[in-house]
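# Analysis of the macromolecular model
So the chains spell out like this:
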Amino acid sequence: QVQLVESGGGLVQAGGSLRLSCAASGRTFSSYGMGWFRQAPGKEREFVANINRSGDSTYYTESVKGRFTISRDNAKNTVYLQMNSLKPEDTAVYYCAARRPGAWNYDYWGQGTQVTVSS
């Protein structure tokens, strides 16, 4: 069982930056692949980025490439999402998620943190 708690959301002007954090409970954090997702009002939840267990492989949705960076610190049981050059269309609730080794779906989800980008 993994519990995830996101933080770092807020209100920022377009062009600004935010860093989201996701703290995980448990002693097996390093065994989980981690991902960030987001859900804008009236839209379905969408994938943003993921990172493998060791942190040496990442993948991004096209719309955030070059602007967002996912990273993890296994010693601190934390995954991060650095968001630069934010746009109003990045406004959403951001969720982190964890998946077990070999799993395709994400098993554990945080409660989400709101990111609002004003124009």
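Criteria and thresholds
- Residues numbered from 1 in each chain as written.
- Predicted model: local features only at pLDDT ≥ 70, side-chain atom pairs only at ≥ 80, totals over all residues.
- Heavy atoms only, no water.
- Phe/Tyr/Trp six-rings, centres within 6.5 Å; stacked < 30°, edge-to-face > 60°.
- Helix = DSSP H or I, 4+ residues; strand = E, 2+ residues; numbered from the N terminus.
- Buried < 20%, exposed > 50% of the residue type's maximum accessible area, 1.4 Å probe, protein only.
- Lys NZ or Arg CZ within 6 Å of the ring centre and 35° of its normal.
- Core = buried A, V, L, I, M, F, W, Y, C linked by side-chain atoms within 4.5 Å.
- Contact = heavy atoms within 4.5 Å.

## A few points about the packing of aromatic side chains
- Under the defined criterion, the tally for this structure stands at six aromatic pairs.
- Between F37 and F47 the ring centres are 5.7 Å apart and the planes differ by 75°, which places this aromatic pair in the edge-to-face class. Placement of F37 in strand 4 (residues 33-39) and of F47 in strand 5 (residues 46-51) is noted, with a sequence separation of 10 residues between them.
- The buried category is assigned to F37, whose relative accessible area is 11%.
- Put simply, the rings of F37, F47, Y59, Y106 and W109 touch in pairs and so form one group of aromatic residues.
- If you follow R45 out to its NZ or CZ, it ends over the ring of Y95, 5.9 Å from the centre.
- Positioned over the ring face of F29 is R72, at 4.5 Å from the centre of the ring.

## Here's the deal with the nonpolar core
- With 29 residues, the main nonpolar core has L4, M34, W36, L81, M83 and Y94 as its most contacted residues.
- Secondary structure elements with two or more residues in this core: strand 3 (18-24), strand 4, strand 5, strand 7 (68-73), strand 8 (78-83), strand 9 (92-99) and strand 11 (113-118).
- Among all residues touching L81, those that are not within four sequence positions of it are L18, R19, L20, W36, V48, A49, F68, T69, I70 and Y94.

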